[in-house]
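Understanding the architecture of this molecule
Below, each chain spelled out in residue letters.
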Amino acid sequence: HVRRELVSMSSLPSEAEVVYDVPVPPPGKRDRGAFKFKRFTVRHDMCGMKVGTDAVLLGGYAGLLGPVPGVWEPLPFEVPLPDEITCRHEHVPGTWPRRILDIGCGSGVISIMMLQTYAHARVDSVDIDTDAYNQALYNIQHLPHDDWKSRITVHNTPIQRFQPPSPSSSSSSSSSSHPSACYDLIVCAPPWFPGDMEEEPYIKGMDQKRRIARHTHTLTMQELLSCARGLLVPVTGRFKVILSLPHPATGFLDLAHEAGLTCLERVYVHDNPGARVIRYIDTYALLPRPEGDVGTPEAGPAAPMMGNKKKKKRKPDEGIPIAQERHFNIYTASYQAQPMVHRIYTDQYKWMLRDLCVHMLKEEDIEGAKK
């Protein structure tokens, strides 16, 4: 069963119109084509990648601006902000961030989370896939507030060819001499797997939407970092990315360093305390560097060679500085200790998503978490 709707928004690019058949689940069955948040619903049935933990983690983390005693301390990262801005939702017009870019927006879920969190920011969402673009249009049209709809624009183009729209004088966020370097915050959940369609036939035979979303043949990490560098406001701008292991996390610090970006923080995400790392969430900035500080570090001095032993080889990302590191657990215990239906989220996770997800802390719990 489907419900046919026309997607059309005057605030989006002209001629942005598409007929969308909304799947209707049988009576009594859950709608698996939609993900419900506290204040909005995101449909993702047309997208190669559905709304999942990566998007929720990145969207929640990108909205953290201040410490919470006993939950989030110290600051997730240090950003120059007016003294009165101590935590999120305490923004006044003209404060950071004014402009946000979502690279590979898919259904638009992270973009919409940014609209809710940053009430005065304008968001540009970019995706190469036409179906994902149309899905994002649909989700934006069905947002609960006209203000949210008016502050976002979706672009159906590769990020490599994306040209930022000229900001109005009231929303300009950068005094940089580079007109393209206009975003205070860039977020991205990049493709996971390296692969070439010509060399690996199984990739070529994949569903196109899923192939584009999961494999790097349309967006390599070098291209992503180059685009982020060119679009990020120097010094105060932040580029936030969630990385799966081993790809594309392995070697990402090397590539970021070569692109001129400095890692301010790396969050090691665990399913539960003691479990292996399953994701990195990185924060980068474009900071001045000492003259001649380019490229990746060389391997350290090798031990004296004995017999046929080879010189020590440098490991990926070895020697690249990270200003701050922290560990983050989603659940308080493992599957074995807590069956799936009873698993308990950590205070960190609940606090991060308290305003976004329906299963997170209520207001009275938030006060308790602060204490």
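Residues numbered from 1 in each chain as written. Predicted model: local features only at pLDDT ≥ 70, side-chain atom pairs only at ≥ 80, totals over all residues. Heavy atoms only, no water.

This next bit is on the environment of Asn-139. Along the chain, Asn-139 falls in helix α3 (residues 130-141). Relative accessible area serves as the criterion here: at 1%, Asn-139 is assigned to the buried category. Residues contacting Asn-139, with those up to four places away along its chain left out, are Thr-41, Val-42, Arg-43, Ser-107 and Ile-112. (Helix = DSSP H or I, 4+ residues; strand = E, 2+ residues; numbered from the N terminus. Buried < 20%, exposed > 50% of the residue type's maximum accessible area, 1.4 Å probe, protein only. Contact = heavy atoms within 4.5 Å.)

This part covers the packing of aromatic side chains. Considering all chains together, one arrives at ten aromatic pairs under this definition. Ring plane angle 85° and centroid distance 6.5 Å describe the contact between Trp-96 and Tyr-118, whose orientation is recorded as edge-to-face. Here the residue Trp-96 occupies a position in the loop between α1 (53-61) and β5 (99-103), and Tyr-118 occupies one in the loop between α2 (109-117) and β6 (122-127), the gap between them amounting to 22 residues. Tyr-118 carries the same exposure label as Trp-96, and that label is buried. With a centroid separation of 5.9 Å and 55° between ring planes, the pair formed by Phe-252 and Tyr-284 is classed as tilted. Separated by 32 residues along the polypeptide, Phe-252 in helix α8 (residues 252-258) and Tyr-284 in strand β11 (residues 277-285) bring together distant segments of the chain. (Phe/Tyr/Trp six-rings, centres within 6.5 Å; stacked < 30°, edge-to-face > 60°.)

The next subject is the pattern of salt bridges. Under the criterion given, the structure shown has nine salt bridges. Where Asp-124 meets Arg-99, a salt bridge forms, and the shortest distance between an N and an O atom there is 3.3 Å. With Asp-124 in strand β6 and Arg-99 in strand β5, this pair connects stretches of sequence that are 25 residues apart. For Arg-354, the salt bridge goes to Asp-355, with nearest N and O atoms at 3.8 Å. Of the two residues examined, Arg-354 and Asp-355, each falls in the buried class. (Salt bridge = Lys/Arg side-chain N within 4 Å of Asp/Glu carboxyl O.)

Attention shifts here to the pairing of strand β10 (residues 262-270). Of all the nine residues making up β10, nine are buried; the element is thus mostly covered by neighbouring parts of the structure. Two elements, β10 and β11, share eight bridges in a ladder whose sense is antiparallel. Along β11, the bridge assignment pairs Tyr-268 with Tyr-280. The turn joining β10 and β11, which pair antiparallel and follow one another in sequence, is formed by six residues; a positive phi near 90° is taken by Gly-274. In terms of strand pairing, β10 meets strand β12 (residues 322-329) through seven bridges, oriented parallel. Bridge pairing links Arg-266 to Glu-325 in β12. (Pairing = 2+ DSSP bridges.)

The next thing to look at is the sheet that holds strand β7 (residues 152-156). Reading across from one edge, β7-β6-β5-β8-β9-β11-β10-β12 is the order of the eight strands in this open sheet, with mixed pairing throughout. Where the open sheet ends on each side, the last strands, each with one partner, are β7 and β12. Each neighbouring strand pair of the sheet contributes to a mean axis angle of 15°, computed without reference to strand direction. As judged from the five bridges shared by β6 and β7, these two strands associate in the parallel manner. In the sheet register, Asp-127 faces β7, and the bridge partner there is Asn-156. Packed onto the sheet, α1 meets β8 (185-188), β9 (238-244), β10, β11 and β12 and runs at close to 155° relative to β9. Contacting β5, β6, β7 and β8, α2 runs over the sheet at an angle of about 175° to β6. (Axes fitted to C-alpha atoms, helices over the stretch in contact; angles between N-to-C directions.)

A few words on the packing of α1 against α2. The geometry of a pair of packed helices is captured by two quantities: the angle between their axes and the separation between those axes. For the pair α1 and α2, the least separation of the axes is 9 Å and the interaxial angle reads 25°. As the angle between them shows, α1 and α2 are arranged roughly parallel. When the axes of α1 and α2 are compared, the crossing they make is right-handed. Residues Ala-55, Val-56, Leu-58, Gly-59 and Gly-60 of α1 form the contact with α2, whose participating residues are Val-109, Ile-110, Met-113 and Met-114. The class makeup of the residues in the contact of α1 with α2 is seven nonpolar, two polar and no charged. (Parallel < 35°, antiparallel > 145°, perpendicular 65-115°, else oblique. Left-handed = near helix turned anticlockwise from the far one by under 90°. Nonpolar A, V, L, I, M, F, W, Y, C, P; charged D, E, K, R; others polar.)

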